Structure formats: C-alpha cells, structure tokens
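# Summary of structural features
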Amino acid sequence: MPAASARGDRPAGDTARGDQHVRGMARGGGLNLVGALLSQAAVFLIMLLLARVLGIREVGRYAQCYAVLSLAGLLSLSGFRAGLTRFVAVHLADDDAPALRGTIRLGLVVSAGSSVVLAGALAWGAPWLADRLHDPGLVTGLRLVALTLPASTVCEAALAATRGWRTQRPFTFIGQLYEPGTRLLLTVLALATGAGLTGAFWALVAAGWSAAVLALVALARLVRRVPPARPVHRPGDLFRFSTVSWVSSLSSTGLIWVDTLLLGFFANPEIGVYNVATRLVTVAIFVLAPVNAAFGPYLAHLYHRGDLDDVRRVYAVATGWVVRLSLPAFVALLVLPGDLLRVFGGEVATGAAVTVILALGQLVNAATGPCGTVLNMSGRVALNMADNLVALVLNVLLNLWLIPAYGIVGAAAAWSASLIVVNIARVVQVRHLTGALPFTVGMAKGLAAGVAALAAGLLVSGLVPGWPWRPVAGLTTIVAVYLGTVLALGLSREDVMVLRTLARRRRRGDPSGTTGEDPTSPDRSGGALSDRPDPDPAGDGPTRSGLPGSDRAGGGPAGDGRGAPGRAVAQ
C-alpha cells in the first residue's frame, strides 16, 4: 500500500489524482445515468402497454417468464460477468495482453456453451414448469425465453468485458438504449397487429439476438486495440473468482425474483399488480445500476494499486449520487403510491401498500451505496456470496411464512426486510475492510431536502383532490421543494466538480465522455496497455483510459439498468 494511503495523508498530487478519478466516474456515470433513464422509460412503457392492452394478468405472465430468464441467465454466465470486468481491468493495469485475450475468450466460450445447454433444458421442461406455476398459458412464453437465453447471456458477457476498459459506451448504447428501445418498438408493433403476449415475447427474442451481435462487435473493436499476442488462459484465477461470484450473483438474483415465482407457486392472482408496483420502485432506484457500472472498474483499478484513500472517496461520492438523485422519486412513492399506480389501470391501485413497503427497502439500499460492489471488486467475493446466500434464505423463509397469509403485501415485506438486513451487514463489512462509510455531509443535506419535500408533498396531496390533478400538483411540488432545498443548503466540492465535468463534455459535443484517444496506445506512464491516468488538473483533457467508466452487479438481470421488469439490488 502506498505510504500516503497508510498514513491517511493527502499530498497535492494524490488529491489531484483522486479528483481525476471522480471526474472519470462522472463522465462514465453521466452517460450511464442518461442510458438508464431511457432504458427504464422504455421498460415502463412496455409494462404500461401490456397492462392497458392485454390486462394485468398478462403482465404477471410476462414477469414470471422474465424471472426465469434472469435466473437462467445467471446460471449460464457462471459468474463471468463480474469476473470478466475485474480481470480485464486488472490485466489492462498490468499491461498483460496475452492474459487479457485469454480471459475474454474463455469467458465467452464457457458462457455461450452453458447457455445453449440450459436453453434446451428449459424448452423441454417448459410444460412441467408451467404446471408448477399453476398456469399452462406460460408454456409458449417459457420456450421463447429459452430461445432468448443464449443471446442475452453472450450479450451480458461481452458487455461485462468492455466495462473492464472503464468505458460505458457499449454498455449504455447497446444494453441500456438499443435493447430496451428495440424491444419497446417491436412490442408496440406486436400489440398493434394483434400478436398479443406471444408477440411481446418474440420482441424480446429479436431484441436480444440483435443486441448480442452488436455487443460482440463492440468488444472486438476494443480487443483489436490490444497489441497482438497469443492468448494465455489462466482458468484457475478466473474460475475461483467467478465461481464464488456466480453463487453470489445467483443468490442476489434469486432475492430479486423468488417472490414473483413463489407467488406463482401459491397461485396468487395478484402477481401482475405486484410486478407493476415493483416497476414503479425500480424507476426510483434506476440510478444505482449505472453508478455501480461506472464505479466498479475504478474500484478494481484503485484497490489493485492499494489506493485506499481514493477507494473511500469514490465510494462516498458514488453513494451521494445514488441517494440524492433517487430521493425525489422515493418521496413521490411514499406520498402518491395509489395515484401513480392508477396510470396502469384502476385495478392496479390496490398495490399501494406494496409500493410503500418496497420503496422503504430500496431507500435503505440506496443509502448504503454500492457496498456489494466494493466487496466484489476488492476480491471479497466469498464474503459477498455469504451475504447474498443469507439474504436469499431469509427471503424464502419469510415469503413461505407471509405469502399464504398476506399475499403480495407479505411478499413485499419479506423482500424489503431481506434487503435491509443484507445491506446493513455489507456496510459493516466495507467499514472493516476499507475504513469507508457511505454517510457524508452531502448525503445529510440530501436527506434534509427529502424530508422537506415529503412534508410539502403530503400537504399538497391533502389539499388537492382527485386524479390526475393531485399527482400532477404533488410531483411538481416535491421536485421544486427538493431542488430548492438542495441548492439552499449548498453543493459539495465533489458535486461542483462533477457538474463542471459534465458541462465541459456537453460544450465539447461529447456527452459520453469519449476523448477519441486509443486507450491502448503507449503513454508516458507505462506500456501499451497502461490504464494509469495522465495528470489532468483542469478535468477536461483526455484521460489515459480514453473512456473512463453491472444485479445485476452491478449490471445484468439484477439491476444493471438494462430494463429487467424487477428491482435493482446493490451487489
């Protein structure tokens, strides 16, 4: 560990380097936030269309099939999503081109092969699974999900590898914009032509396979920048990390989807209502996945070099972004749950209590920040796996106890309780590992602004009667009071730095933060693969990585912001 980090001192050079990491995260995170917002909007519209055109029962069928796709996708990836991101970033930092090429090849081949095997098993066993879920109408959807599985798995693996370059462009443009956008357009076309729910599943198939092709092309372009070398396969390190990460991610994804599947096993008729409520909560937490995706590669890079001061700093900054960007949406969910659900139809308004309970659990998730990502990217995947397994077991037990008596309200309570327990445990572990805590002065200011917005929203919702005027007036008041209070309390140094970085990029016509520099070209600091950042005190010059930058590990089915109709979980 560097001496400065060990002493806790911050020489001017270290502070400037830390500032650059924050700016780099801002460039990648800003692009990711835009992509996640548009992705969530696309999936929100898909769920809205299904509810309005086909009815809430079909929304429940769509959600159950997507739950199966998410879990099967995690089984297929074998943990390589987190492994590819981490080891690509590490091999770039070490200038190890042979290991880099071997890692990518091994990860893609294993993921693709396992997904084909699982897809065949799912297609063959679809009637049996539909029978266990008490709905024979699921058979066609499950078989089309099986057809999508190899494509979604390869796409996830390829995009995970591209994030190792600390670039968010492929992940954002393909995973967050192209795939959900194409799925939305094709779903609209299917519903307009009377293809119904089957047409919506075919839209999922077409969007998934075309996105997989684009992801492989994007990865190939990055790999071509690496100096030619014969691939060296080191399966031991990759499999050890990825196996534990796989169990961890599978547990985390199970935590997200097990309630939906258990509601099906108990033949609960309100699965559609439950998943519409979770869609609203997902909109509130949409910032978590893109911030995780931008934060993860930087953390792996910094922790690998022993820069614990910068690890603590970027963790606090990332948590502050998540909390302050998501608070207005959480306030709206607590003040206007029934009114917001009515957008999907009057029968869905019964999910108001579910929305409030899920929102409380996700608020704790946001306030603890990307603590699971800290554990994963610092190599503590076994610890994160244990956390996820405990949370999954707790969630299953609570669901088995609460669903028969309380239905979807019991499922929501079980899920939120499990999420709160696992995130509090992770905060304690991150504190012990790095000395970092997610709580800062900036977060306190955001929470104060949230309390003010909550009070104002409750006042307005009580004074303005009827729909849609009450939600319109309430949302306007919440946003205005929140922003006004945040500005009145003042912005932190990091906030100002982030805003200036994003503004500079926009003025330069490059909102993605792309510099156009080849991230593998030789530089002053090292070899051809060096990811060491050049000094950039002004914050607007090109960075060494060129494109600074995944539960669902960030990314993927558990919250990568790619539009799964579920909830994001910080990993």
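Refer to the structure printed above.
Residues numbered from 1 in each chain as written. Predicted model: local features only at pLDDT ≥ 70, side-chain atom pairs only at ≥ 80, totals over all residues. Heavy atoms only, no water.

With that out of the way, let us pick up the nonpolar core. Membership of the largest hydrophobic core comes to 108 residues, with the highest contact counts inside it found for Tyr62 and Tyr274. If you tally residues by element for this core, the top one is helix α12 (residues 308–335), at 14 residues. (Core = buried A, V, L, I, M, F, W, Y, C linked by side-chain atoms within 4.5 Å. Buried < 20%, exposed > 50% of the residue type's maximum accessible area, 1.4 Å probe, protein only. Helix = DSSP H or I, 4+ residues; strand = E, 2+ residues; numbered from the N terminus.)

Let's shift gears to the pattern of salt bridges. Within this structure, the stated rule accounts for six salt bridges. The salt bridge involving Arg61 is made with Asp135; its shortest N-O contact spans 2.8 Å. In this pair, Arg61 sits in helix α3 (residues 56–77) while Asp135 sits in the loop between α5 (97–132) and α6 (139–163), placing the two residues 74 residues apart along the sequence. Each member of the pair, Arg61 as well as Asp135, is classed as buried. Shared partners join several salt bridges into a network, and the residues in it are Arg57, Glu58, Arg61 and Asp135. (Salt bridge = Lys/Arg side-chain N within 4 Å of Asp/Glu carboxyl O.)

Below, the discussion takes up the packing of aromatic side chains. For the structure on display, the rule yields two aromatic pairs. Pairing Phe44 with Phe344 gives two aromatic rings, centres 5.1 Å apart and planes at 70 degrees, and the pair type is edge-to-face. Residue Phe44 is located in helix α2 (residues 12–54), and its partner Phe344 is located in the loop between α13 (337–341) and α14 (352–367); the two are separated by 300 residues in the primary sequence. For Phe344, a relative accessible area of 2% puts it in the buried group. Here the guanidinium or amino end of Arg86 rests over the ring plane of Phe87, the centre of that ring lying 5.5 Å away. Taking NZ or CZ as reference, Arg163 lies 4.5 Å from the ring centre of Phe171, over its face. (Phe/Tyr/Trp six-rings, centres within 6.5 Å; stacked < 30°, edge-to-face > 60°. Lys NZ or Arg CZ within 6 Å of the ring centre and 35° of its normal.)

Because an α-helix packs 3.6 residues into every turn, residues spaced three or four apart end up facing the same way. Taking 1.5 Å of rise per residue, 14 residues should cover 20 Å, and helix α4 (residues 80–93) covers 19 Å from first to last C-alpha, within 8% of that figure. A large share of α4 lies buried, amounting to 14 of its 14 residues. The first or second residue beyond α4 is Asp95, which carries a positive phi of 55 degrees. (Expected span 1.5 Å × (residues − 1).)

Turning our attention to the packing of α5 against α6. Viewed as axis vectors pointing N to C, α5 and α6 meet at an angle of 165 degrees, and their least axial separation amounts to 8 Å. When the interaxial angle is binned, α5 and α6 end up roughly antiparallel. Between α5 and α6 lies a crossing of right-handed hand. Across the contact of α5 with α6, the residue classes tally to 22 nonpolar, three polar and one charged. (Axes fitted to C-alpha atoms, helices over the stretch in contact; angles between N-to-C directions. Parallel < 35°, antiparallel > 145°, perpendicular 65-115°, else oblique. Left-handed = near helix turned anticlockwise from the far one by under 90°. Nonpolar A, V, L, I, M, F, W, Y, C, P; charged D, E, K, R; others polar.)

Interpretation note: all reported values are geometric properties and have no functional meaning in isolation.
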